[in-house]
Amino acid sequence: MQFLSYINPYVASDKDLCTEAAQHGYLAKDAAGNDYLVEFGEFYGGVVDLTNPAAYNWYKEVIKQNLIEVDCNGWMADFGEYLPTDTYLHNGVSAEIMHNAWPALWAKCNYEALQETGKLGEILFFMRAGSTGSQKRSVMMWAGDQNVD
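Residues numbered from 1 in each chain as written. Predicted model: local features only at pLDDT ≥ 70, side-chain atom pairs only at ≥ 80, totals over all residues. Heavy atoms only, no water.

S.K.: Provide a residue-level description of the pairing of strand 4 (residues 44–47), including the pertinent values.
M.R.: Both strand 2 (residues 10–12) and strand 4 contribute to a ladder of three bridges, which runs antiparallel. Bridge assignment links Ala12 to a residue of strand 4, and that residue is Gly45. With three bridges connecting them, strand 3 (residues 37–39) and strand 4 associate as antiparallel partners. Looking at strand 4, one finds that Val38 is bridged to Gly45. Linking strand 3 back to strand 4 in an antiparallel pair, the connection comprises four residues, with Gly41 at a positive phi of about 95°. (Pairing = 2+ DSSP bridges. Helix = DSSP H or I, 4+ residues; strand = E, 2+ residues; numbered from the N terminus.)

Below, the structure is given as structure tokens:
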């Protein structure tokens, strides 16, 4: 039996990962300097600031512990395209500019988690979003959510 899972660069605001990320300053900020929360309908999610090296490495460890170590055979690394343009990021670059680089950064995080655990080529992750640089580290792309009209 093989099992695929799912991850995105957000942490649900009412869960332990969000609390941990907030305590360490790993979430992107809003204009007032508060943790930026995205509404996903049924819940809010904090944006893991992948431009912060400490946050990036922390989330890579989350991938290792919660996907790789539990023997998932792969996952969808979703929402690389969705960086709200009014967030404030650790690297100081406007989110409007980082928006196009975000999918490549998200792909790199997933790729490195596999590479560092020796599972690259054994475990598959796939993405919906891409930009310049994504192709170096995106194992597979999914062109889902297409309109039919």
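Text resumes after the structure shown.
S.K.: Explain the sheet that holds strand 2 to me, and be specific about the residues and the numbers.
M.R.: If you walk across this open sheet you meet the three strands as 2-4-3, and the pairing is antiparallel. On the outer flanks of this sheet lie strand 2 and strand 3, each paired with one strand and no other. Each strand axis lies, on average, 40° off the axis of its neighbour in the sheet, ignoring direction. (Axes fitted to C-alpha atoms, helices over the stretch in contact; angles between N-to-C directions.)

S.K.: Provide a residue-level description of helix 3 (residues 95–116), including the pertinent values.
M.R.: Of all bends in helix 3, the biggest is about 50°, found at Ala101, and the proline Pro103 comes one to four residues later. The N-cap of helix 3, judged by a side-chain oxygen 3.1 Å from the amide nitrogen of Glu96 a few residues on, is Ser94. One or two positions beyond helix 3, positive phi appears at Gly118, with a value near 70°. (Bend = angle between axes of the 7 residues up to and from the residue. Polar contact = N/O pair within 3.5 Å; in protein donor to acceptor, adjacent residues only side chain to side chain.)

S.K.: Can you break down the layout of surface pockets residue by residue, with the values?
M.R.: Empty space left among the atoms is revealed by rolling a probe the size of a water molecule over them. Approximately 310 Å³ is the volume attributed to the largest pocket. Lining the largest pocket are 15 residues, and of these Tyr6, Ile7, Asn8, Tyr10 and Tyr59 sit closest to its centre. Residue assignment for the lining of the largest pocket shows that the elements contributing at least two residues are strand 1 (4–7), strand 2 and helix 2 (53–68). Broken down by element, the lining of the largest pocket gets its largest block of residues, four residues, from helix 2. Counted by class, the lining of the largest pocket contains twelve nonpolar, two polar and one charged residues. (1 Å grid on protein atoms, 1.4 Å probe; cavity = no way out; pocket = protein on both sides within 12 Å on 5 of 7 lines; lining within 4 Å. Points joined across faces, edges and corners; volume = space filled by probe spheres on them. Nonpolar A, V, L, I, M, F, W, Y, C, P; charged D, E, K, R; others polar.)

S.K.: Please provide a residue-by-residue account of the packing of aromatic side chains, values included.
M.R.: Scanning the model with the defined rule gives ten aromatic pairs in all. Between Tyr10 and Phe79, the aromatic rings sit 6.1 Å apart at their centres with planes inclined by 85°, giving edge-to-face as the arrangement. Highlighted residues: Tyr10 in strand 2 and Phe79 in the loop between strand 5 (74–77) and helix 3, separated in sequence by 69 residues. Here Tyr10 matches Phe79 in class, with each residue buried. With 5.6 Å between their ring centres and 90° between their planes, Phe40 and Phe79 make a pair best called edge-to-face. Here the residue Phe40 occupies a position in the loop between strand 3 and strand 4, and Phe79 occupies one in the loop between strand 5 and helix 3, the gap between them amounting to 39 residues. These aromatic residues form a ring-pair network of at least three members: Tyr10, Phe40, Phe43, Phe79 and Tyr82. Here the guanidinium or amino end of Arg128 rests over the ring plane of Phe79, the centre of that ring lying 5.4 Å away. (Phe/Tyr/Trp six-rings, centres within 6.5 Å; stacked < 30°, edge-to-face > 60°. Buried < 20%, exposed > 50% of the residue type's maximum accessible area, 1.4 Å probe, protein only. Lys NZ or Arg CZ within 6 Å of the ring centre and 35° of its normal.)

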